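# Examining the three-dimensional arrangement
Here are the chains, one letter per residue:
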Amino acid sequence: REIRHHKRKMNIFRLAGDSIHVFAMCFLLAYMLNAKSCNGYSGKTQLMYLTVFITRYLDLITNFISVYNTTMKVMFISIKATIVYLIYGRFKQTHDKENDTFRFEVLVIPCAILAVFINHESSVMEIMWTF
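The sections below set out a description of the structure shown in this document.

For the protein, the count of helices and strands is five helices and zero strands. Counting from the amino terminus, helix and strand elements in the protein follow one another as α-α-α-α-α. Taken against the 2.2 N^0.38 rule, which gives 14 Å for 131 residues, the C-alpha radius of gyration of the protein at 18 Å runs more than 25% over that of a compact globule. Its C-alpha atoms put the protein at 60 × 35 × 25 Å along the principal axes. Taking all 131 residues of the protein together, 24% fall into the buried category. The long-range fraction of contacts in the protein, counting pairs at least 24 apart against all pairs at least 6 apart in sequence, stands at 70%. Carbon and sulfur atoms make up 63% of the accessible area of the protein, which amounts to about 9700 Å² in all. Positive and negative side-chain charges in the protein, numbering 15 and 9 respectively, have mean positions lying 7 Å apart.

As structure tokens, this is what we get:
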């Protein structure tokens, strides 16, 4: 059999979506650094986003798709990790814990259970991606 490599064309909508998403995360990061505060931001929600990015982008370790794809995945994880660090580390004294009431266990536990049973194949990478 002959293995064919297909060049993937860049989808303008993906590029626009990724660009807007990175801009929004950078804006949040810059705002927090400028204000030296994380007041008004949900640390639990940001932690959820980081969890999603890490579990979805584990294939960075095993698969190379493109420089663009790798760059975007690394940017998403690193920017979000920095935001989580600022909320729970550097600016934790400004974190409003009383109003950060998102109960992520209500979302995580059912998703973890469903990911184990509803996926394309029973591999760790697939279960984590499905999660």
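Still more ground to cover, so stick around.
Per the counting criterion, the structure on display carries zero disulfides. Sulfur of Cys 26: no disulfide; nearest cysteine sulfur belongs to Cys 38 and is 18 Å away. The exposure class assigned to Cys 26 is partly exposed, which follows from its relative accessible area of 34%.

On to the pattern of salt bridges, then. With the rule as written, the count across this model stands at three salt bridges. Measuring nitrogen to oxygen at the nearest pair gives 3.1 Å for the salt bridge that ties Glu 105 to Arg 103. Of the residues examined, Glu 105 reaches a relative accessible area of 33% and is grouped as partly exposed. Using a relative accessible area of 53% as the deciding quantity, one classes Arg 103 as exposed.

In this section: the packing of aromatic side chains. Counted under the stated rule, the structure contains six aromatic pairs. A connected cluster of aromatic rings, assembled from ring pairs, spans Tyr 49, Phe 53, Tyr 57 and Phe 76.

Along the polypeptide, His 95 turns up in the loop between α3 (67–90) and α4 (104–117). Look past the residues within four positions of His 95 in its chain and what remains in contact with it is Cys 38, Tyr 41, Gly 43, Ile 87, Tyr 88 and Asp 100.

A few words now on the environment of Leu 60. Within the secondary structure layout, Leu 60 lies in the loop between α2 (43–56) and α3. Residue Leu 60 is classed as partly exposed on the basis of its relative accessible area of 28%. A C-alpha to C-alpha distance of 18 Å links Leu 60 and Arg 14, two positions 46 residues apart in sequence. Sequence-distant contacts of Leu 60, that is, excluding residues within four places in its chain, are made with Thr 70, Lys 73, Val 74 and Ile 77.

Looking now at the environment of Ile 83. With respect to the element layout, Ile 83 can be found in helix α3. On the accessibility criterion, Ile 83 (0% relative accessible area) is buried. Between the alpha carbons of Ile 83 and Cys 26 there is a distance of 9.3 Å; along the sequence they are 57 residues apart. Among all residues touching Ile 83, those that are not within four sequence positions of it are Met 25, Leu 28, Leu 29, Met 32 and Gln 46.

Thresholds, definitions, all that
- Residues numbered from 1 in each chain as written.
- Predicted model: local features only at pLDDT ≥ 70, side-chain atom pairs only at ≥ 80, totals over all residues.
- Heavy atoms only, no water.
- Helix = DSSP H or I, 4+ residues; strand = E, 2+ residues; numbered from the N terminus.
- Rg over C-alpha atoms; globule rule 2.2 N^0.38 Å.
- Buried < 20%, exposed > 50% of the residue type's maximum accessible area, 1.4 Å probe, protein only.
- Contact = heavy atoms within 4.5 Å.
- Areas by Shrake-Rupley, 256 points an atom, 1.4 Å probe, with all protein chains shown as cover.
- Lys, Arg positive; Asp, Glu negative; His and termini not counted.
- Charge placed at Lys NZ, Arg CZ, Asp CG, Glu CD.
- Disulfide = S-S within 2.5 Å.
- Salt bridge = Lys/Arg side-chain N within 4 Å of Asp/Glu carboxyl O.
- Phe/Tyr/Trp six-rings, centres within 6.5 Å; stacked < 30°, edge-to-face > 60°.

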